[in-house]
Amino acid sequence: MDKQNRRQFIRTGIRWILFGGMALVAGDLIFRKGEPLFGKNRKSGPTVWQLDPAKCIQCGRCATNCVKTPSAVKCTHAYSMCGYCNLCSGYFKPETKTLDTGAEKQLCPVSAIKRTFVEDPFYEYTIDEALCIGCGKCVKGCGAFGNGSLQLQVRHHLCDNCNDCSIARNCPSGAFSRVQLTDPYLLKGFGKKNL
Amino acid sequence: MKKKTILIFAIMLFLVFVAWMLRDLFMVRPELQKNPYDYGMTALRKTDTVPSYTELSPLKPVLREITSVAGNQDGKIYIAGKGGVEILDVSGRMLKHFPIRGYATCLTLMPDGTLVIGMEDHVELWSPSGNIISVWQAVDTNSMITSVAATQNLIFVADAGKKIVYQYDRYGKLQARIGEKDPVRKIPGFIIPSPYFDVGISPKGELWVANTGRYRLEKYSMDGSLLTSWGEASMAMEGFAGCCNPSNFTILPDGSFVTSEKGIERVKVYSPDGAFVALVAGPEAFDEGTRGLDLAAGSNGRILVLDPSRNQIRVFVPDKRN
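Residues numbered from 1 in each chain as written. Chains lettered and ligands numbered in written order. Predicted model: local features only at pLDDT ≥ 70, side-chain atom pairs only at ≥ 80, totals over all residues.

When its secondary structure is counted, chain B shows three helices and 23 strands. In terms of C-alpha radius of gyration, chain B reaches 26 Å, well past the compact-globule figure of 20 Å for 322 residues. Taken over the C-alpha atoms alone, chain B extends approximately 105 × 50 × 50 Å along its principal axes. Here chain B, with 322 residues, has 39% of them falling under the buried criterion. Expressed as a percentage of contacts within chain B between residues at least 6 apart in sequence, the contacts between residues at least 24 apart total 44%. (Helix = DSSP H or I, 4+ residues; strand = E, 2+ residues; numbered from the N terminus. Rg over C-alpha atoms; globule rule 2.2 N^0.38 Å. Buried ≥ 20, exposed ≤ 12 C-beta atoms within 10 Å, placed from the backbone. Contact = placed C-beta atoms within 7 Å.)

Each domain of chain A was delimited in the assignment, giving domain 1 (1–41) and domain 2 (47–194). Here the C-alpha centre of domain 2 of chain A lies 46 Å away from the C-alpha centre of domain 1 of chain A. (Domains from an automatic or database assignment.)

Glancing now at the sheet that holds strand β6 (residues 115–118) of chain B. Residue and element names in this part refer to chain B. An order of β5-β6-β7-β8 is seen for the four strands of this open sheet, with the pairing classed as antiparallel. Of all strands in the sheet, those bounded by a partner on one side alone are β5 (106–109) and β8 (132–135). The sheet shows a mean angle of 20° between the axes of neighbouring strands, direction not considered. (Pairing = 2+ DSSP bridges. Axes fitted to C-alpha atoms, helices over the stretch in contact; angles between N-to-C directions.)

All right, on to the environment of V69 of chain B then. All names here are of chain B. Structurally, the position occupied by V69 is in strand β2 (residues 66–71). When the 29 C-beta atoms within 10 Å are taken as the criterion, V69 is described as buried. With residues near it in sequence (within four places) discarded, V69 still touches I77, Y78, I79, D294, A296, L304, L306 and I313.

Moving on, we come to helix α3 (residues 137–145) of chain A. Counting buried positions along α3 of chain A gives nine out of nine residues, so the element sits mostly inside the fold. Regarding α3 of chain A, the residues found buried are K137, C138, V139, K140, G141, C142, G143, A144 and F145 of chain A. Residues of α3 of chain A that are buried in the fold lie against β2 (73–77), β3 (113–119) and β5 (150–154) of chain A together with α3 (41–44) of chain B.

P70 of chain A follows T69 of chain A through a cis peptide bond whose omega is -5°. Of the consecutive residues N245 of chain B and P246 of chain B, the connecting peptide bond is found in the cis state with omega at 0°. Of note, P246 of chain B is situated in the loop between β16 (226–230) and β17 (248–251). Positive phi is not limited to glycine here, since Y84 of chain A has a value of about 50°. Mapping Y84 of chain A onto the fold places it in the loop between β2 and β3. Here Y84 of chain A falls in the partly exposed class, since 18 other C-beta atoms lie within 10 Å of it. Unusually for a residue other than glycine, Y215 of chain B sits at a positive phi of about 55°. Note on placement: Y215 of chain B falls in the loop between β14 (207–211) and β15 (216–220).

Structure (C-alpha cells):
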C-alpha cells in the first residue's frame, strides 16, 4: 500500500467523517423511538408532553418541578370509572370518622376537590383546576382503595410545552413522554370526554 | 513565598469547586427525594397486631392468572383462572387439570362435588372429572359475575355489573333477584363501586353478601329479605379499610368469617356475630397494591388465600401458641 501524504490523509479522513455522520442522521430518522420515517405507521405533526397514569407513582414532583406556579399538571376525573363513594379515599384523609366537608378532613392540601351530594349514598367529586397544584395525593388515595378514577394529566391550555420539560427530566417512573397533539390525553377508562 | 501560598490556595479552591460540582451532578440529595405530599401508605400498612396464624409453604399452580380458589374438608383445593381449572391435593400435588374456554372469575363447589364456575357474563357447571355439565345463558349484557355460592339445590350468582344477586336452581332457571333496592321491604340495595362483590353460604345454609360500598356483610333470607348485617368502615384492625371492602370473604365450618381487604391488604377472622377475633396475615405479608385476595376454608382449620400478585395459593394455619 502506497504511503499517503498529509493532504490525502486529511481528505480521506474528512470523507469518512462525513459518511459516518450522514449514516447516523439517517439511522436516527428511520429508527427513532420506533416511529418509522416512511410507511403507513409513520406519525407526524406537533407533539406535546403528557404523563401516563398507568406509570405514575404520585411522587409529588409534578407539583414541585414544573416551571409554572401552580403546576400545569392537574388532577383530572374519569367520571365513567368513579364509584361516587360516600367515603371517597381521594377526598377524605385516612381515619376520618365523620364524612363531611370540614377542611381538616380533606386530603387535598388546597381543598381543590368539591364534594356534591347526588342521592343517598352517592356523592360527585369535581376538581377546581384553578386551585389544584398537581401533587397527586388524591390520586394515590383513589388508586389505593378505589377505582383510580382520579388521574394526573398535563393540561395543555396551561402547559408551556417546554422543549426540556423539568418534570419529565425528574420523573422517577418515566411516566412522561411526548404524544401527538391530535390525541394529547392519556386518561385511563373512558374519561377523555370529561375534560 | 507569597506567590506560592496564593497558588496553593487557588488550587485548593479549585478542587473544592470541582468536588461541589461532582456532588451536585452525581449525588442525590434526600431532601429532594422526599415527597412533601406523601399519602402515608407506608404508615398505614404498619400494624401492631400480631398475626394469630402461621404461614406454610405456598402452593404454586400451573395456571397463569388465577382468580378463584375453593376447598373442601377432605383437603382438595380447586383453583380457577384464565383458561383452566386445577385440582390439588392437600400437599399441593396436582390431581387434575382441565381447560375451559374463557376467563373464570369465580368458583364454588356444590355439596355433591359439582363445580360451579362463574365466567365473566355467564355460569358453567362442570363435573370434578372435567366434563362439562351445562352452560347457562349470559345473565345480562352489562353483567360482571364476581362470585358464586351454592346449596344442595340453589346457586347464587353475584353480579357486580347489575349490583344484584341472582338465585337460580341447579338447572339454571332464575328463581329470585336478591338485594334490589326496595324501601317497602327496607332493603337499601347493594352499593358496589368496583368489581368486588362476594357471596357465601354459611354452614347453617344462610346467604351472606358483601355490600362493599357500605363496608359490611349482610345476611338475606332465601326469599330476599334483609335479616341482619355487621361491619363498619375503619382503618383500625376491627373495621374494613375504606372503599370496596371487604373485597372477599369465606365462612368457616364453625360459622366464623374470614375476610380480605384491598388498599391495606389484610386477612382477618371474625366471630359468627361479627366481632374481630384474629389477624391471619397483615399488609406486610402481601405486595403493596395486591387486589382480589380470594379466600377458601381448607381442611384442618387451614385458610387458603389466593394471591394474584404472586400467582400462589398462600396457606395459613392457626398458630398453636395462640
